[in-house]
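The chain contents come next:
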Amino acid sequence: MGRKVMSLPDPVAVRPAMLRAVAPPIRLPDPTLDSSSSLERCLRNRRSCRDFRNVPMPLRDASQLLWAAQGITGLGGLRTAPSPGALYAIRPYLIAGNIAGLAPGIYRFDAEGHELLLASTGDFRRQLREAAGGQLCVEQAAFILLLAANYGRVAREYGARAERLVHIEAGHIAQNVCLEAAALGLGVIGLGAFSDAEVKEAINLPMREEPVYLIASGWKF
Ligand SMILES: Cc1cc2nc3c(=O)[nH]c(=O)nc-3n(C[C@H](O)[C@H](O)[C@H](O)COP(=O)(O)O)c2cc1C
């Protein structure tokens, strides 16, 4: 893959007040902005993967999937995935288990700075697997992206249609991740079968955020 590095906008000066990071931000490797993988090949090759190898994933690959999910690509903070009213009420969390050079833990992805904010240390994959009805791929994945939504923020603008709009946005984000994984040759799967309450408890999500989608990724067999 030819690597062409983007220049990112300066991180926002003021971070959200609810931030519960417990360590300085971790700057992710700059994302690659071009490759020889055609969109059509990625579409053809995209497949849900439920068996992951127990091999560490480079941080660069996790960074690339996070960029595909919510990377900043336009003026004013516009991102890789569309968002109703550009509210960006979906926040990706990285539940890292087996990423080279990154301690297992729960990290919040900060799109503006393309960095991770550590929320909790430890391997939470087993707890997450239990919250997802025991699906083995959750524990085997190198990491899981959790898309968590602040429905209230969207409801203030769009009223009763908020829930529908948030779910459409989550689908856009997840498809970006799936196609990026296909481009990188990584295994990936979107998981919707889980207990909201158990995921919230395992990840200790802020009260106003709800888990919408889990996306597990790792090396495929
Ligand atoms: C919203 C959504 C939720 C899903 N949840 C799960 C899940 O919890 N467990 C699972 O094994 N697969 C899940 N899948 C994957 C589907 O089973 C899979 O996409 C389908 O079988 C088609 O296979 P393909 O993705 O390889 O084309 C989900 C897919 C979507 C779109």
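Going by the structure above, here's the rest.
Remember, predicted model here, so these are calculated numbers, not experimental data. (Residues numbered from 1 in each chain as written. Predicted model: local features only at pLDDT ≥ 70, side-chain atom pairs only at ≥ 80, totals over all residues. Heavy atoms only, no water.)

*Asks:* Let's hear about the nonpolar core: which residues, and what values?
*Replies:* Ranked by internal contacts, the top residues of the largest apolar core, which has 41 residues, are Leu 94, Ile 99, Leu 102, Leu 116 and Phe 143. Where this core is concerned, the elements lending two or more residues are helix H2 (59-70), strand E5 (90-96), strand E7 (105-110), strand E8 (115-121), strand E9 (143-149), helix H6 (162-184) and strand E11 (210-218). A total of ten residues in this core trace back to one element, the largest contributor, which is H6. Aside from chain neighbours lying at most four places away, what touches Ile 99 is Met 57, Pro 58, Leu 59, Ala 62, Leu 94, Ala 142 and Phe 143. (Core = buried A, V, L, I, M, F, W, Y, C linked by side-chain atoms within 4.5 Å. Buried < 20%, exposed > 50% of the residue type's maximum accessible area, 1.4 Å probe, protein only. Helix = DSSP H or I, 4+ residues; strand = E, 2+ residues; numbered from the N terminus. Contact = heavy atoms within 4.5 Å.)

*Asks:* Describe the site of the ligand, listing the residues and the values that go with them.
*Replies:* The environment of the ligand is formed by Arg 46, Arg 47, Ser 48, Arg 50, Gln 135, Ile 189, Gly 190, Leu 191, Gly 192, Ala 193 and Tyr 213. At 2.8 Å from an oxygen atom of the ligand is found a side-chain nitrogen or oxygen belonging to Arg 46. A distance of 2.9 Å separates a nitrogen atom of the ligand from a polar backbone atom of Gly 192. Burial of the ligand by the surrounding chains reaches 53%, relative to a free accessible area of 620 Å². Broken down by element, the shell around the ligand gets its largest block of residues, three residues, from strand E10 (residues 187-191). (Near = heavy atom within 4 Å. Polar contact = N/O pair within 3.5 Å; in protein donor to acceptor, adjacent residues only side chain to side chain. Areas by Shrake-Rupley, 256 points an atom, 1.4 Å probe, with all protein chains shown as cover.)

*Asks:* Describe the pairing of E5, with residues and values.
*Replies:* The buried count for E5 comes to seven of seven residues, which makes it a mostly enclosed element. Here E5 shows two buried faces, one formed by Ile 90, Pro 92, Leu 94 and Ala 96 and the other by Arg 91, Tyr 93 and Ile 95. Looking at chain direction, E5 and E7 are connected through four bridges and run antiparallel. In the sheet register, Tyr 93 faces E7, and the bridge partner there is Arg 108. (Pairing = 2+ DSSP bridges.)

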